[in-house]
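Coordinate inspection notes
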Amino acid sequence: MKNAYFGEFGGCFVPELLMPPLLEVEAAMREIMPEPEFQSELEDLLRNFAGRPTPLTHCPTLSEELGLDLWLKREDLLHTGAHKINNTLGQALLAKKMGKTALVAETGAGQHGVATAAAAARLGLRCTIYMGGEDVARQSSNVLRMRLLGAEVKAVENGTRTLKDAINEALRAWISSQESTHYCFGTAAGPHPFPTLVRELQSVIGREARARFLEMTGRLPEAVVACVGGGSNAIGLFYPFLGDAGVRIVGVEAAGTGDPGCFNSAPLNLGVPGVLHGNYTMLLQNNDGQIEPSHSVSAGLDYPGVGPEHAWLHKTGRVKYGMVKDANALSAFHRLCRAEGILPALESSHALSYVLDHPKEFRGGAVIVNLSGRGDKDMGIVGDALRGGKTY
Ligand SMILES: *Cc1c(COP(=O)(O)O)cnc(C)c1O
């Protein structure tokens, strides 16, 4: 397998039975994806089904308050409410061209499940979504959305009954169904070639942002900022800027409550290297090699690992990775709502919070924050926090 590594990170640490379908995906990336027919069909789906290109919105009120020039890349305006549809449409189309008739996928909070179900319905593929039993109970409206879109939702009752267990179960299911089925992995992590495949499909975010900013201002921004869960929206924004030495790049991990010893979702800042879900990366892991539970107020960031390319960009120092606590993300959420009339996802609020809390780091420059998704899905959590009397 070529290009399976980012420095020492990445690779393909899977049972032998998973190698044939992974090699098949790698071959399809090489042979099918570059074809003009694939590219034009994907372009059509992204434009006319998902709603690309997304705008780059200037934030006049916050820019004034912060003494910098704040811009938002509006992935929240896409169909199904987040950047995830860029990836699922691309993988669903690839699966179809590979002759597959079904998709299998994992989901945590249900956002990737909904985006996969929508892409499968659009392209006429059967769809099975694995979801931790705990998450099925917590995210009933997304379970209903997936079912309405024709997907079968299977509850996983192993382990902590959350995302990590759902991924293990979906990989297992793929082993026995690989003839007919493609595994539509949800973020830029997992075994090779998924980190590269998902990055390629999400890089449309950074390509559009870079071109549009140049067109509007005649120059490049001083910085680009995105939240990092598994790392797909972040690598999608960052990748086209990696060669621009003058552009600072900041990824933001979720620090959880911030109490000493609390659970978090910040493996780059607080984790150790190890293997999870088929790749060598940074992980929340204890001394016995057990994966630690993760936590974030935003379900989409709640993952104990991170994509291997981020582990490498962290190690080389090209990208800086900060941390934001639950309370600061909630406070950024409220500030954007009132100042600019946009309800951001709590995931994206982490990225925004980093800029709101460290304006001096950006020295009056132009900053593009990736608004990875819309906040409507988070009304329950935001409402609970308000009713708890917290003055975020
Ligand atoms: C799922 C999700 C994320 C986190 O996933 P990444 O792969 O790290 O991008 C971030 N924002 C939103 C809105 C999400 O739905």
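Calculation criteria
- Residues numbered from 1 in each chain as written.
- Predicted model: local features only at pLDDT ≥ 70, side-chain atom pairs only at ≥ 80, totals over all residues.
- Heavy atoms only, no water.
- Core = buried A, V, L, I, M, F, W, Y, C linked by side-chain atoms within 4.5 Å.
- Buried < 20%, exposed > 50% of the residue type's maximum accessible area, 1.4 Å probe, protein only.
- Domains from an automatic or database assignment.
- Contact = heavy atoms within 4.5 Å.
- Near = heavy atom within 4 Å.
- Polar contact = N/O pair within 3.5 Å; in protein donor to acceptor, adjacent residues only side chain to side chain.
- Areas by Shrake-Rupley, 256 points an atom, 1.4 Å probe, with all protein chains shown as cover.
- Nonpolar A, V, L, I, M, F, W, Y, C, P; charged D, E, K, R; others polar.
- Buried area = accessible area lost by both parts, 1.4 Å probe.
- Salt bridge = Lys/Arg side-chain N within 4 Å of Asp/Glu carboxyl O.
- Helix = DSSP H or I, 4+ residues; strand = E, 2+ residues; numbered from the N terminus.
- Phe/Tyr/Trp six-rings, centres within 6.5 Å; stacked < 30°, edge-to-face > 60°.
- Lys NZ or Arg CZ within 6 Å of the ring centre and 35° of its normal.

Some thoughts on the nonpolar core
- By size, the foremost hydrophobic cluster in this structure holds 59 residues, and its most contacted members are Leu89, Leu94, Trp174, Tyr183 and Leu197.
- Each of domain 1 (15-46 + 84-198) and domain 2 (51-81 + 203-387) contributes no fewer than three residues to this core.
- In this structure, tyrosine 183 is in contact with Gln91, Val104, Ala105, Glu106, Ile167, Ala170, Leu171, Trp174 and Phe194, ignoring residues within four places of it in sequence.
- By size, the runner-up hydrophobic cluster in this structure holds 28 residues, among which are Trp71, Val204, Val228 and Tyr321.

What about the site of the ligand?
- Around the ligand there are 17 residues in total, and Lys84, Thr187, Gly231, Ser232 and Ser372 lie nearest to it.
- Between the ligand and the protein, one listed contact pairs an oxygen atom with a backbone N or O atom of glycine 230 at 3.1 Å.
- Here glycine 231 contributes a backbone N or O atom positioned 2.8 Å from an oxygen atom of the ligand.
- Bound to the protein, the ligand loses 96% of the 380 Å² it would expose on its own.
- Here the shell around the ligand is built from residues that sort into four nonpolar, 11 polar and two charged.
- Formed jointly, the shell around the ligand draws a minimum of three residues from each of two domains, domain 1 (15-46 + 84-198) and domain 2 (51-81 + 203-387).

A word on the domain arrangement of the protein
- By domain assignment, the protein separates into domain 1 (15-46 + 84-198) and domain 2 (51-81 + 203-387).
- At the interface, 21 residues of domain 1 touch 24 residues of domain 2.
- Summing both sides of the interface, domain 1 and domain 2 together bury roughly 1700 Å²; the carbon and sulfur share of this comes to 64%.
- On the domain 1 side of the interface with domain 2, the three residues burying the most area are Leu46, Asn86 and Lys164, jointly 26% of the side's total.
- Applying the counting criterion to the domain 1 and domain 2 interface returns zero salt bridges.
- Elements represented by at least two residues in the side of domain 1 that touches domain 2 include exactly helix H4 (84-97), helix H5 (111-123), helix H8 (163-177) and helix H9 (194-202).
- Its residues placed into classes, the side of domain 1 that touches domain 2 shows 13 nonpolar, seven polar and one charged.

Things to note about the packing of aromatic side chains
- In the structure shown here, the tally under the stated rule is eight aromatic pairs.
- Taken together, a centroid distance of 6.1 Å and an interplanar angle of 50° make the contact between tryptophan 174 and phenylalanine 194 tilted. With tryptophan 174 in helix H8 and phenylalanine 194 in helix H9, this pair connects stretches of sequence that are 20 residues apart.
- Overall, the relative accessible area of 1% leaves tryptophan 174 in the buried class.
- The buried category is assigned to phenylalanine 194, whose relative accessible area is 0%.
- Between the aromatic rings of tyrosine 183 and phenylalanine 185, the centroid separation amounts to 5.6 Å while the plane-to-plane angle is 85°, which identifies the pairing as edge-to-face. We note that tyrosine 183, like phenylalanine 185, is buried.
- Members of the aromatic cluster, each reached through a chain of ring pairs, are Trp174, Tyr183, Phe185 and Phe194.
- Taking NZ or CZ as reference, arginine 199 lies 3.9 Å from the ring centre of tyrosine 239, over its face.
- The cationic tip of arginine 248 hangs over the ring face of phenylalanine 362; the distance from NZ or CZ to the ring centre is 5.3 Å.

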